[in-house]
Amino acid sequence: MQMGKKCKLALAVGMIAAVVTGVVGCGSSNSNNDKVIRVGAETTFPPFEFVENEKYVGFDLDLADAVIKQMGGKMEFKSMGFDALIPAIQSNQIDLIASGMDATPERAKKVLFSEPYFEQNGYVIVVKKDNDNIKNWTDLSGKVVGAQVGTEQVGLAKEQGASDVKQLDSISQAFMELKAGTVDAVVLDHPVSMYYLKQGADQDAKIVGEAKQGAPLVFAMNKNNEQLQQDVNKAMKELKANGTYDKIYQKWFGSSDCAVEREGRNAQ
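What counts and how
- Residues numbered from 1 in each chain as written.
- Predicted model: local features only at pLDDT ≥ 70, side-chain atom pairs only at ≥ 80, totals over all residues.
- Heavy atoms only, no water.
- Helix = DSSP H or I, 4+ residues; strand = E, 2+ residues; numbered from the N terminus.
- Expected span 1.5 Å × (residues − 1).
- Buried < 20%, exposed > 50% of the residue type's maximum accessible area, 1.4 Å probe, protein only.
- Pairing = 2+ DSSP bridges.
- 1 Å grid on protein atoms, 1.4 Å probe; cavity = no way out; pocket = protein on both sides within 12 Å on 5 of 7 lines; lining within 4 Å.
- Points joined across faces, edges and corners; volume = space filled by probe spheres on them.
- Core = buried A, V, L, I, M, F, W, Y, C linked by side-chain atoms within 4.5 Å.
- Contact = heavy atoms within 4.5 Å.
- Polar contact = N/O pair within 3.5 Å; in protein donor to acceptor, adjacent residues only side chain to side chain.

Caption draft 1: Fine view of helix α2 (residues 59-70). Helix length check: α2, at twelve residues, gives a terminal C-alpha distance of 16 Å against a target of 16 Å (1.5 Å per residue), a fit within 8%. Taken together, the buried positions of α2 are Phe59, Asp60, Leu61, Leu63, Ala64, Ala66, Val67 and Ile68. Immediately downstream of α2, the backbone of glycine 72 shows phi near 90°, a positive value.

Caption draft 2: Expanded view of the pairing of strand β1 (residues 36-41). Bridge count for β1 against strand β4 (residues 74-79) is six bridges, and the pairing is parallel. What sits directly across from arginine 38, in β4, is glutamate 76. Bridging between β1 and strand β5 (residues 96-102) involves two bridges; their strand directions are parallel. The partner of glycine 40 across the bridge, within β5, is isoleucine 97.

Caption draft 3: Quick peek at empty space enclosed by the protein. Enumeration over the complete set of coordinates arrives at one cavity of 30 Å³ or more. Here the largest cavity defines a volume of roughly 100 Å³. Lining the largest cavity are 13 residues, with Phe45, Phe82, Gly100, Thr151 and Asp189 sitting closest to its centre. When contributions to the lining of the largest cavity are tallied by element, the ones reaching two or more residues are β5 and α5 (152-159).

Caption draft 4: Local environment of the nonpolar core. Of all hydrophobic cores here, the largest spans 42 residues; its most connected members are Phe59, Leu63, Val67, Tyr117, Phe175 and Phe219. Ranked by residue count, the leading element in this core is α2, at six residues. What phenylalanine 175 contacts, discounting residues up to four positions off in sequence, is Val126, Leu188, Ser193, Tyr196, Leu197, Ala201 and Ala205. Trp137, Ala147, Ala162 and Val208 belong to the second largest nonpolar core, which has 16 residues in total.

Caption draft 5: Representation of the pairing of strand β7 (residues 123-128). The buried fraction of β7 amounts to five of the six residues, a majority that puts the element mostly inside the structure. Sheet topology places β7 next to strand β10 (residues 185-189); four bridges connect them, and they run antiparallel. Bridged to valine 124 within β10 is leucine 188. When β7 meets strand β11 (residues 205-212), the two strands line up antiparallel, connected through five bridges. Opposite valine 126, over in β11, you have isoleucine 207 as the bridge partner.

Caption draft 6: Just the environment of glutamate 49, in detail. Within the fold, glutamate 49 resides in the loop between β1 and β2 (50-52). Exposure remark for glutamate 49: the relative accessible area of 0% places this residue in the buried category. Sequence separation between glutamate 49 and phenylalanine 59 is ten residues; the distance between their C-alpha atoms is 6.5 Å. Among the polar contacts listed, one links the side chain of glutamate 49 to the backbone nitrogen of glycine 100, at a separation of 3.5 Å.

In structure tokens form, the structure reads like this:
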């Protein structure tokens, strides 16, 4: 009889231990180390995000991956059209936008922004190499101008009096339209334009006029996800402090003197 009680006691202790172990196990599986952050970007925006050797690569993707790892999570990446990114955030299809997004007041009504991670070099006009009629921003008046759909460049072209603003799906399409002569000029981000020109587009195209200053680039997240905003900002601060940000920047842009958004600086 005494042995029976001991067996029952041992069994009860074992069951309690199993329950405790199960609870701890559940807590572990839900830890930050297993948290997946779904990141969205439009991938024709080199060197920020683009396809190389059938892989998605770029400054934004490296930085987003480093930020998420610093937070203790894992990145799951989704490529989509730029104009689909904010609706995807609002409908919780993705958690974070890492796609060279300008921190504009209009977008701030729809999403939360991280602290700036890159200060823009600005927007520029790109024309065909033999074009001598367009030399500055005022010359866009009455012209057919191309710009990527959903970007600030669309508004800039309209402000300059373009007769028609052709909204394009990608930067590569902008250069193709320019080469084909279906647009007189395209308005693009300066770093992206420089990248395409260095990759061979300078045989047919050139930058004209002075760059217009743009808003700083930021990550974006759902309006209801203030915790993610705080976690991303904390992780970025840590990456800047430990030198990881500078390493990623130098990988894609070389010298870190130009466009880095330093701690304590705000472009807008």
